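# Chains, contacts and geometry: an overview
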Amino acid sequence: MTTRPTVSGSGLTVRYGGSPALDNVSVRLQEGVTGLLGPNGAGKTTLLRVLATAVPPDRGAFTVLGHDPGTGAGRQEVRRRLGYLPQNPGFHPDFTAFAFVDYVAILKEFADRSARHREVRRVLDAVNLSEVRGKRIKRLSGGMRQRVALAAALLGDPGLLLLDEPTVGLDPEQRMQFREVIAEAGRHRTVLLSTHQTEDVAMLCQRVIVMAQGHVRFEGTPAELTARAAGRVWSSTERDPQARAGWRTGLGTFRNVGDPPQGADLLEPTLEDGYLLALDAQSVEAMSA
Amino acid sequence: MRDTGHDGTGWHADTDDLRAYARGELEAPRLWSVDTHLLACAPCRLALAEATDSRALDLGWERLDAELDAPRPGVFEALLMRCGVADHTARLLAATPVLRASWLGAVLLVLLMTVISVYTVHSPSLFLALAPLLPLAGVALSYGPALDPTYEMALVAPLHGFRLLMIRTVAVLVASLGLNGLASLALPGYGLRALAWLLPALALTATGLALTARLGQVTAPALVSGAWIALLAAAAATGHKTLPPFTGVGQGVAALVAVIAAVLLHRLRDRFDTASAPSLPTDLAHRSVA
């Protein structure tokens, strides 16, 4: 049985001046967590902004939960069902965590004070910030601020949650806490999680989209992405010049990814190997520069 | 108010108020007052229990619990609420970047220096030229990706971008025109002439906003400011004692420009509901959460 997709779009194109940030992208998202992987400048943020209705595409169309954001009324309906955590969520630093989420709740049309405050308490509980709700945001750690922004995105129990690199800049413990919250949030809704960390995808995502230079390079499950690297990862004592990417491991040998030479010592592929192979050579070079 | 055993608070909540409170029908600011009082006054809590049925009482406690939980609003927000502004509007205004003591203080200082200059050179021209630019600058700085840290979150919220812009514009105009008005009061010798900045201020602000929809948040106000200064420079070259924009005809033209710009702004209102891709930071930007 196929369920109706939460997001369905095709031909999405956005140009910055002459060059395309998003070039003829098609996307289809269903319930669960989908990872959006790609290097800097791949177009991940632009795609999220388009889906969040912040930036209209220059070409192409899409629907969210059956609504067309190309019309004023459709855009309004999408926004009522949307949670969005931007790449650089800004804060009013003098607001407390509670006041800030309350402010976003007002923007999300929670006019009744009691109902709004109940909802603010609910989302702050969901991200485990109840204890610090009265603290000013400028006194919170980076990880806590990220969770305040996530709480704001969870207001109104949105059907679509768009998270733009939420784990960047967090320490491992904070990242783990954040992942727990995202995994919980993705149980009954559609989550699109932009990241350039394959660990996030391996731990959280049922599906993954790889982008580079404004194009979708891969779409499937993390296991399928890993499988693409089967037979294309090998070990050697020197970096193989034919490899798409290669690096010295802790064992002192080189791990090479690409098209192996005859008789190469093949290794078990990982999600990261599959990701590197999904990118074009130029993107891999830019990542290693 | 009941007048017996007030438990150190100095007063008791009225029985009718307690009944309305329990039914959830008591309105602010009386609601806040009773909320706060119930925390301190045991007799009133008992009176609340007697005044209502158990379901309503549960709702009352739930509301009281919520009040205890919610942090107190800041000084500016509390002041707005005392002036009768609804709490959600007060919160939206408290998040307006330029409605800060630092901005308002800077505007006041500029006006003070301008008023002093009027007394020094015995002409209000500098004041009349500068005063219309202050509301334009204030409004330009109150909305948009450059200065509003939550711009992107606000942009994708169901509240229409134009409505948020208008709420903030009205608040900034009230503050800015109020300060200009105070400065005018310091120039009693010039009579109504000291108010000749008002219509140009409205014209420049409305034109700046209307052009922002097409030219962006920086170019539009900069262009309007430049045009105003160029116009005044040209007017000064005519050698008239009263610069033409501040004569009766000039004021009429300013009013007309303000109306035309307001109509144009309204027609372009949907442009404030989304952003152009280049106006937002790119995904190449360095990430900072500190």
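In this text, all values refer to a predicted model and were calculated from it rather than measured experimentally.

Attention now moves to the state of the cysteines. A covalent bond between the sulfur atoms of two cysteines is what we call a disulfide. Under the definition given, this model contains zero disulfides over all chains. Cysteine cysteine 41 of chain B shares no disulfide, and the gap to the nearest cysteine sulfur, in cysteine 44 of chain B, comes to 3.7 Å.

As a further point, take the UniProt feature "transmembrane region" (unreviewed entry) in chain B. Those places that UniProt annotates as "transmembrane region" (unreviewed entry) correspond, in this numbering, to residues 101–120, 126–144, 165–188, 194–213, 220–240 and 246–265 of chain B. In residues 101–120 of chain B, helix accounts for 100% and strand for 0%; the two terminal C-alpha atoms are 28 Å from one another.

With that out of the way, let us pick up the pattern of salt bridges. Residue and element names in this part refer to chain A. Scanning the model with the defined rule gives 22 salt bridges over all chains in all. For aspartate 102, the salt bridge is made with arginine 116, and the minimal N-O distance between the two is 2.6 Å. Residue aspartate 102 is located in helix α3 (residues 97–107), and its partner arginine 116 is located in helix α4 (residues 113–126); the two are separated by 14 residues in the primary sequence. This pair shows no difference in class: aspartate 102 is buried, exactly as arginine 116 is. Note that aspartate 200 is salt-bridged to arginine 179, the shortest N-O span being 2.7 Å. Of this pair, aspartate 200 sits in helix α7 (residues 198–204) while arginine 179 sits in helix α6 (residues 172–185); the two residues are 21 residues apart in sequence, bridging distant segments of the chain.

Here the focus is the sheet that holds strand β8 (residues 207–212) of chain A. All names here are of chain A. An order of β5-β6-β7-β3-β8-β9 is seen for the six strands of this open sheet, with the pairing classed as mixed. Sheet topology places β5 (82–85) and β9 (215–220) at the edges, where each strand pairs with a single neighbour. Within this sheet the neighbouring strands show an average axis-to-axis angle of 15°, counted without direction.

We now examine the interface of chain B and chain A. At the junction of the two partners, chain B supplies 44 residues and chain A supplies 57 residues. Together, the buried faces of chain B and chain A total about 4400 Å²; carbon and sulfur atoms form 56% of this surface. If you look at where chain B meets chain A, you find six salt bridges. Put simply, arginine 116 of chain A and aspartate 87 of chain B hold a salt bridge, and the shortest N to O gap is 2.7 Å. Between chain B and chain A we count 15 residue pairs in polar contact (both at pLDDT 80 or more) in total. Elements supplying a minimum of two residues to the side of chain B that touches chain A: α4 (54–69), α6 (87–94), α10 (151–155) and α11 (161–185) of chain B. For the side of chain B that touches chain A, a count of residues per class yields 24 nonpolar, seven polar and 13 charged.

In this section: the UniProt feature "domain: ABC transporter" (unreviewed entry) in chain A. With numbering aligned to this structure, UniProt lists the feature "domain: ABC transporter" (unreviewed entry) at residues 7–238 of chain A. When the span residues 7–238 of chain A is considered, its composition is 35% helix and 28% strand, and the gap between its end C-alpha atoms is 46 Å.

Turning our attention to the sheet that holds strand β1 (residues 7–16) of chain A. All names here are of chain A. Pairing in this open sheet of three strands is antiparallel, and the strands run β2-β1-β4 from one edge to the other. Because the sheet does not close on itself, it has two edges, and the strands there are β2 (19–29) and β4 (59–64). Sheet twist, expressed as the average angle between the axes of neighbouring strands with direction ignored, equals 25°. Relative to β2, β1 is paired through seven bridges, and the arrangement is antiparallel. Note that in β2 the partner of arginine 15 across the bridge is proline 20. Helix-sheet contacts for helix α1 (residues 44–51) involve β1, β2 and β4, and the interaxial angle to β1 is about 120°.

About the thresholds
- Residues numbered from 1 in each chain as written.
- Chains lettered and ligands numbered in written order.
- Predicted model: local features only at pLDDT ≥ 70, side-chain atom pairs only at ≥ 80, totals over all residues.
- Heavy atoms only, no water.
- Disulfide = S-S within 2.5 Å.
- UniProt positions renumbered as here; feature names shortened; annotations may be inferred.
- Helix = DSSP H or I, 4+ residues; strand = E, 2+ residues; numbered from the N terminus.
- Salt bridge = Lys/Arg side-chain N within 4 Å of Asp/Glu carboxyl O.
- Buried < 20%, exposed > 50% of the residue type's maximum accessible area, 1.4 Å probe, protein only.
- Pairing = 2+ DSSP bridges.
- Axes fitted to C-alpha atoms, helices over the stretch in contact; angles between N-to-C directions.
- Contact = heavy atoms within 4.5 Å.
- Buried area = accessible area lost by both parts, 1.4 Å probe.
- Polar contact = N/O pair within 3.5 Å; in protein donor to acceptor, adjacent residues only side chain to side chain.
- Nonpolar A, V, L, I, M, F, W, Y, C, P; charged D, E, K, R; others polar.

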